[in-house]
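Coordinate analysis (summary)
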Amino acid sequence: QYNDFAQMLADRGFADFVPHYFEATGTTWAYPQEIREHHRRWMAVISEAIDFAAQQEFADPSSIGIVGFSLGAYLGLALAASQPRVRAVVDYFGGMPDELIAEMKHCPAVLILHGDRDQTVSVTEALKLESLLKSRRVPHEMKIYKGAGHGFRGLDMLDAAQRSYFFLRKHLHDS
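Residues numbered from 1 in each chain as written. Predicted model: local features only at pLDDT ≥ 70, side-chain atom pairs only at ≥ 80, totals over all residues. Heavy atoms only, no water.

**Section: the pairing of strand 3 (residues 109–115)**
- Burial runs high along strand 3: seven of the seven residues are buried.
- Burial of strand 3 is two-sided: the residues Ala 109, Leu 111, Leu 113 and Gly 115 facing one way and the residues Val 110, Ile 112 and His 114 facing the other way are all buried.
- Alignment of strand 2 (residues 86–92) against strand 3, held across five bridges, turns out to be parallel. Across the sheet, Ala 88 pairs through a bridge with Ala 109, a residue of strand 3.
- As judged from the six bridges shared by strand 3 and strand 4 (residues 140–145), these two strands associate in the parallel manner. Paired with Val 110 across the strands is His 140, a residue of strand 4.
- Note on the crossover from strand 3 through helix 5 (residues 123–135) to strand 4: the handedness is right-handed. (Buried < 20%, exposed > 50% of the residue type's maximum accessible area, 1.4 Å probe, protein only. Helix = DSSP H or I, 4+ residues; strand = E, 2+ residues; numbered from the N terminus. Pairing = 2+ DSSP bridges. Right-handed = clockwise from strand over helix to strand, strands pointing away.)

Below you can see the structure in the form of structure tokens.
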């Protein structure tokens, strides 16, 4: 699924990379204890992936965005909050970890996409993130999908993919 999404972006002119941050810790599924224990290492892997991507001749190091799904969205937002080189984040059913809000030095434009029936990551995480972005005057957009859970299907996924594409194009290519 993530690879299909990455291919869709690549087909539309984005240089994109899919880091496998779990491999750095031998993790196969992220339980709360593993998340607490490994989140900084996973963020470092994503940062290293950005370093690698920025060195590729077909990539534009001045147009870095992160698309994260669930835990990947949490990690992407946390990383972007400390790295001004990240200019946009698309947050699919994630949020900003409470303990990292105080460390936030920077926040790029953010697109928040969440289902109102998400039982894994409550929609309150999206609303809390929106409130934080508003308070810091960060450019953002949000779409809450009525009846959707953790992950989108059908027309919701098509709509979210289209929103993601236009958001990234606006904040990475058009500026």
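**Quick look at the pattern of salt bridges**
- For the coordinates displayed, the defined rule picks out seven salt bridges.
- A salt bridge links Lys 134 to Glu 130; its shortest N-O distance comes to 3.8 Å. With Lys 134 and Glu 130 both in helix 5, this residue pair falls four residues apart, about one helical turn.
- You can call Glu 130 buried: its relative accessible area is 17%.
- A salt bridge links Arg 163 to Asp 159, with the nearest nitrogen and oxygen atoms 2.6 Å apart. Here Arg 163 pairs with Asp 159, and both are found in helix 6 (residues 154–173), just four residues apart, close to one helical turn.
- According to the relative accessible area criterion, Arg 163 is partly exposed, its value standing at 32%.
- Residue classification places Asp 159 among the partly exposed residues on the basis of a relative accessible area of 24%.
- Linked through salt bridges whose partners overlap, the residues forming this network are Asp 98, Glu 125 and Lys 128. (Salt bridge = Lys/Arg side-chain N within 4 Å of Asp/Glu carboxyl O.)

**Section: the sheet that holds strand 3**
- One open sheet holds the four strands; their spatial order is 1-2-3-4, and the pairing between them is parallel. Edge positions in the open sheet fall to strand 1 (64–69) and strand 4, since each of these has one partner strand only. Between one strand axis and the next, the sheet turns by 10° as a mean value, whatever way the strands run.
- As judged from the six bridges shared by strand 1 and strand 2, these two strands associate in the parallel manner. Across the sheet, the residue bridging to Val 67 is Val 90, located in strand 2. (Axes fitted to C-alpha atoms, helices over the stretch in contact; angles between N-to-C directions.)

**Things to note about unusual backbone geometry**
- The phi torsion at Ser 70 lies on the positive side, around 55°, for a residue other than glycine.
- Turning to its location among the elements, Ser 70 is positioned in the loop between strand 1 and helix 3 (71–80).
- Not every positive phi belongs to a glycine, and Arg 137 is a case in point at roughly 55°.
- By secondary structure assignment, the location of Arg 137 is in the loop between helix 5 and strand 4.
- For Arg 137, a relative accessible area of 77% corresponds to the exposed category.

That is the geometry; function is a separate question.
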